[in-house]
Each structure stands twice: as C-alpha cells, then as structure tokens.
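What follows is each chain in one-letter form.
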Amino acid sequence: MGATEREGYVFETEYSVIQQKGAVHVYKKGHFISELPFQFEGNQPSSEQIENVIDQYLRIK
C-alpha cells in the first residue's frame, strides 16, 4: 500500500500480520504529525478500513 495524500497531509500505512495491528502515520510538509493505530483481521488491512481511519482523522483535526 502506498501513501495517500489528502488535504495537505500524507498518510503512510504500516502493519504487522502477526500482531494484527497497524498504524497510519500522518505527515504534513515532511514532518511527522501523528500515529493512528488500528487493528485488523486477515493478511492485511483493507483499503476501506484505512480510508475510514484517514476520514476519521480529517473529521476531528
């Protein structure tokens, strides 16, 4: 999964299949802003789940 750019932010996703945990890292102008942790099931998080994490962040920022 590549980086997603929205509203001036860059969102990069990383995850661990063994732990079933992931995080979306938020950057703005190359600077780290926040980490958005989440859990998932299966071999990788779905793109829909990642989009939901990003959408939620953008709503509350």
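Attention here is on the structure that accompanies the text. Numbering of residues starts from 1 in every chain and runs along the sequence as written. Local features in this predicted model are restricted to residues whose pLDDT is 70 or higher, and side-chain atom pairs enter the listing and the counts only when it is 80 or higher, whereas totals over whole chains, interfaces and linings include all residues. Just so you know, side-chain values use all the structure's heavy atoms and leave hydrogens and water out.

The term nonpolar core refers to a set of buried residues drawn from Ala, Val, Leu, Ile, Met, Phe, Trp, Tyr and Cys, joined through side-chain atoms within 4.5 Å. Type-normalised accessible area, obtained with a 1.4 Å probe on protein chains alone, sets the label of each residue: buried when under 20%, exposed when over 50%, and partly exposed for intermediate values. The biggest cluster of nonpolar side chains holds twelve residues, and these are Tyr 9, Phe 11, Val 24, Val 26, Leu 36, Phe 38, Phe 40, Ile 50, Val 53, Ile 54, Tyr 57 and Leu 58. Note on conventions: DSSP H or I runs of at least 4 residues are helices, E runs of at least 2 residues are strands, and numbering of each starts at the N terminus. Listed by contribution, the elements that provide at least two residues to this core are strand S2 (9–16), strand S3 (21–28), strand S4 (31–39) and helix H1 (47–60). It is H1 that provides the largest number of residues to this core, a total of five residues.

Relative to the helices and strands, Val 10 is located in strand S2. The class of Val 10 is partly exposed, set by a relative accessible area of 24%.

On to the pairing of S3. Note on pairing: two strands pair once DSSP finds at least 2 bridges between them. As judged from the eight bridges shared by S2 and S3, these two strands associate in the antiparallel manner. Bridging across to S3, Tyr 15 finds its partner in Gly 22. A loop of four residues connects S2 with S3, the two strands running antiparallel in sequence, and Gln 20 in this loop sits at a positive phi of about 60°. Direction of pairing for S3 relative to S4: antiparallel, over a ladder of eight bridges. Residue pairing across strands places Val 26 opposite Ser 34, the latter belonging to S4. Hairpin connection, S3 to S4: the antiparallel pair is bridged by two residues, and Lys 29 has positive phi, about 55°.

The strands making up a sheet associate through backbone hydrogen bonding, with each pair oriented either parallel or antiparallel. Reading across the sheet, the four strands line up as S1-S2-S3-S4 and stay open at both edges, with antiparallel pairing between neighbours. Two strands bound the open sheet, and with one partner strand each, they are strand S1 (4–6) and S4. On average, adjacent strands in this sheet sit at an angle of 25° to one another, irrespective of strand direction. In this sheet, S2 lies alongside S1 in antiparallel orientation, the contact comprising three bridges. Within S2, the residue paired with Thr 4 across the bridge is Phe 11. Residue contacts are counted whenever heavy atoms from the two residues lie within 4.5 Å of one another. Under this scheme, a helix contributes an axis fitted over its contacting stretch, all axes are lines through C-alpha atoms, and angles between N-to-C directions fall in the 0 to 180 degree range. Packed on one face of the sheet, H1 meets S1, S2, S3 and S4 and runs near 130° to S4.

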